[in-house]
Amino acid sequence: MEFKTVLFYIFSAVTVVAALRVITARNPVHAALFLVLAFFNVAALWMLLQAEFLALALVMVYVGAVMVLFLFVVMMLDINIERIRQGFWNNLPLGGLVGLLMVGEMAAVLSGRYFGLANLPPQNMPANYSNTKELARLLYTDYAYPFEIASVILLVAIIAAVMLTLRRRKDNKAMHSSDQIAVKAKDRMRLVKMAPEVDPPAAAAKEGDQA
Amino acid sequence: MEATVLPFVEGLLGSIWPTVRPVWPLIWTLLKIVLILAPLLLTVAYLTFWERKIIGWMQVRIGPNRVGPWGLLQPIADGLKLFLKEVIFPTASDKKLFVLGPIMAIAPALAAWAVIPFSPGWALANVDAGVLYLLAVSSVGVYGIIIAGWASNSKYPFFGAMRASAQMISYEVSMGLGLITVLMVSSSLNLTEIVGAQSKGMFAGMGVGFLSWNWLPLLPMFAVYLISGVAETNRAPFDVVEGESEIVAGHMVEYSGMSFAMFFLAEYANMILISAMVSVFFLGGWLSPIGFLPDGFHWMAAKMAAILFFFLWIRATFPRYRYDQIMRLGWKVFVPLTLVWILVVGVWMMSPLTIWK
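Residues numbered from 1 in each chain as written. Chains lettered and ligands numbered in written order. Predicted model: local features only at pLDDT ≥ 70, side-chain atom pairs only at ≥ 80, totals over all residues. Heavy atoms only, no water.

## Comments concerning the overall build of chain A
What chain A contains, in helices and strands, is 10 helices and 0 strands. Secondary structure elements of chain A occur, N-terminal to C-terminal, as α-α-α-α-α-α-α-α-α-α. Evaluated residue by residue, chain A yields a buried proportion of 17% over its 211 residues. Of the roughly 17500 Å² that chain A leaves accessible, carbon and sulfur atoms contribute 68%. (Helix = DSSP H or I, 4+ residues; strand = E, 2+ residues; numbered from the N terminus. Buried < 20%, exposed > 50% of the residue type's maximum accessible area, 1.4 Å probe, protein only. Areas by Shrake-Rupley, 256 points an atom, 1.4 Å probe, with all protein chains shown as cover.)

## Observations regarding the overall build of chain B
Scanning chain B for helices and strands turns up 15 helices and 0 strands. Radius of gyration (C-alpha) of chain B: 22 Å, near the 21 Å computed for a compact globule of 357 residues. Here the C-alpha coordinates of chain B stretch approximately 65 × 65 × 40 Å along the principal axes. Counting all 357 residues of chain B, 49% fall into the buried class. Of all intrachain contacts in chain B linking residues separated by at least 6 positions in sequence, the fraction that spans at least 24 positions is 74%. Put simply, chain B shows about 16500 Å² of open surface, and 74% of that area lies on carbon and sulfur atoms. When the 21 positive and 18 negative side-chain charges of chain B are each reduced to one mean point, those points stand 6 Å apart. (Rg over C-alpha atoms; globule rule 2.2 N^0.38 Å. Contact = heavy atoms within 4.5 Å. Lys, Arg positive; Asp, Glu negative; His and termini not counted. Charge placed at Lys NZ, Arg CZ, Asp CG, Glu CD.)

## A closer look at the domain arrangement of chain A
Often the size quoted for an interface is simply the accessible area lost on bringing the parts together. Residues and elements named next belong to chain A. Structurally, chain A comprises domain 1 (1–84) and domain 2 (130–166). In this complex, domain 1 contributes 4 residues to the contact, which on the side of domain 2 involves 4 residues. Here domain 1 packs against domain 2, burying approximately 330 Å² in sum over the two surfaces, 59% of which is carbon and sulfur. There are 0 salt bridges connecting domain 1 and domain 2. Taken together, the links from domain 1 to domain 2 amount to 0 residue pairs in polar contact (both at pLDDT 80 or more). Residues of the side of domain 1 that touches domain 2, tallied by class, amount to 2 nonpolar, 1 polar and 1 charged. (Domains from an automatic or database assignment. Buried area = accessible area lost by both parts, 1.4 Å probe. Salt bridge = Lys/Arg side-chain N within 4 Å of Asp/Glu carboxyl O. Polar contact = N/O pair within 3.5 Å; in protein donor to acceptor, adjacent residues only side chain to side chain. Nonpolar A, V, L, I, M, F, W, Y, C, P; charged D, E, K, R; others polar.)

## Quick word on the environment of valine 68 of chain A
One can find valine 68 of chain A in helix α3 (residues 52–76). Residue valine 68 of chain A is classed as buried on the basis of its relative accessible area of 0%. Not counting chain neighbours up to four residues away, the residues in contact with valine 68 of chain A comprise Val63 of chain A together with Val142, Tyr143, Ile146, Ser165 and Ile169 of chain B.

## A short note on the confidence of the model for chain A
Overall, the prediction assigns chain A a mean pLDDT of 83, with 89% of residues at 70 or greater. Per-element confidence in chain A ranges from a low mean pLDDT of 54 for helix α10 (residues 207–210) of chain A to a high of 92 for helix α7 (residues 144–165) of chain A. (pLDDT = per-residue confidence, 0-100.)

## Observations regarding the nonpolar core
All names here are of chain B. Judged by nonpolar contacts, the single largest core of 103 residues is most densely connected at Trp113, Ile116, Tyr143, Phe281 and Phe282. At 13 residues, helix α13 (residues 257–281) tops the list of elements feeding residues into this core. For tryptophan 113, the residues in contact, after removing those within four places along its chain, are Ile36, Leu40, Phe118, Ala269, Ile272, Leu273, Ala276 and Met304. Listed in part, the 5 residues of the second largest apolar core include Val9, Trp17, Trp24 and Trp28. (Core = buried A, V, L, I, M, F, W, Y, C linked by side-chain atoms within 4.5 Å.)

## As for helix α1 (residues 3–24) of chain A
All names here are of chain A. Here α1 spans 32 Å end to end across 22 residues, near enough to the 32 Å set by a 1.5 Å rise per residue. Those residues of α1 that sit buried are Ser12, Thr15 and Ala18. Across the axial projection of α1, the buried residues extend over an arc of 135°, all falling on one side. With respect to the buried face of α1, the exposed residues turned more than 90 degrees away are Phe3, Tyr9, Val16 and Leu20. Looking at the buried positions of α1, the neighbouring elements they touch are α2 (28–48). (Expected span 1.5 Å × (residues − 1). Arc of directions from axis to C-beta.)

## Some words on the packing of aromatic side chains
Residues and elements named next belong to chain B. Counted by the stated rule, this structure contains 20 aromatic pairs over all chains. On the basis of an interplanar angle of 40° and a centroid distance of 5.1 Å, the ring pair of phenylalanine 264 and tyrosine 268 is categorised as tilted. Linking phenylalanine 264 with tyrosine 268, this pair stays in helix α13, spanning 4 residues, or about one helical turn. Ring-pair connections join several aromatic residues into one group, and the members of that group are Phe89, Phe98, Tyr255 and Phe263. When the ring centre of tryptophan 213 is taken as reference, the NZ or CZ atom of lysine 303 above it lies at 3.9 Å. (Phe/Tyr/Trp six-rings, centres within 6.5 Å; stacked < 30°, edge-to-face > 60°. Lys NZ or Arg CZ within 6 Å of the ring centre and 35° of its normal.)

Following this line, the structure appears as structure tokens:
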């Protein structure tokens, strides 16, 4: 058995166990961390398939950013796992049906005409073959327009999400750095010369004697 | 380097060489890992000493000078002390994650060194996607802090973890975008080739190679990358994650002894890593600044030392940023600046004025 095969079985076993623990772990933070572990092992599996760009992008995007934000939220919420589990048996038939349907669809697609074993690209690429370069060439030449449209849609989604949650508070006392830097002395204090509004008390002159 | 070592090893082992031969790649890789990590950890130890000395001098103090000649054994004494201290587990902590936290902090800090080239051909793994690997591994570093902060089950560590996750993710964006211009001008993801691309150019031909390095044409990105690097390692003036005056020590509050030392090691290993990355991406790695001087690892070491001094210098100089100012700098200054500069470099490369061919 090749060493790569041993690695494959190790990574797949850890992936399956971690994925199972995601749905069985009692603590939501543990579940999220098991999901991170599963992502990591899937990245390792992709690396074995010589898809280094996808593997590293998975770690960078999902492990490095998405799951951190996910944990950020999960850690701050007090999630009662017992209450979430209450409807388990009622929802099981529907959930099981959806799950089976998904497994069936994936089996149909993966064993079909396009993704069958015979249609896979040859595994042994030349040593200087760069997955990243090939992917970039395709994305920025043949699929330039779909790629640009997808990125614009994502940008719109970001702006929409920000605008939906943004609310300007009236009582906000946050300072703006540029205003602070641009401030002049005369903005803060103004010296005015004016006549006294009330006459100074006559007794003030005698104050020194009393003391 | 392997070609020079191999005959020597063969001669040394003599008749038992054929039995060693199948596992030789494993031995050789492990040897290289030790060759990288042992000096690294020694550098980490003496960086802490150097930091205390530098800050001492800048504040007109003497700094550590009691242990050994000129205080040179201070880091050894500190390490020994931390090693002998008890690791205390808070009663309400999540024990398994409490142990996992420091491990997750130090593992990426050391793993990232696998692709750093020290000299032509002197890298543990000279891979094509080296930059991607660095970005991926360094983005995992935040887990150590988050896990530690949550597992401690205590207020200050949790605040530290929340601040860390927000800050490190924000500055990763500007670091990544800053790197894109470097990738554009060197048209490679391989770190050795990125250094190689900086050895060519008009000024390199004139014998003043240091003007051909990426820092000059990409000066705004150099500044953004360096400052983001400081923020990414949670060093002063961006050290709100630990912020002594606000949240004591952030995620490290509940840690003691060796488990605390591992966070400490990770922070300094990350500092050295950032300085290595800056010198590879912007300062020409092992290339010599002047044409007639030979290239070599000593140049890279000198550049890294200069950047590390910058880290310590700004720690002694600047007051800590307020949290909203950190976020503002990251998102409202650095990200737009990098986006604009990507466009500028793209247009520059396509124009007849291009200096990259």
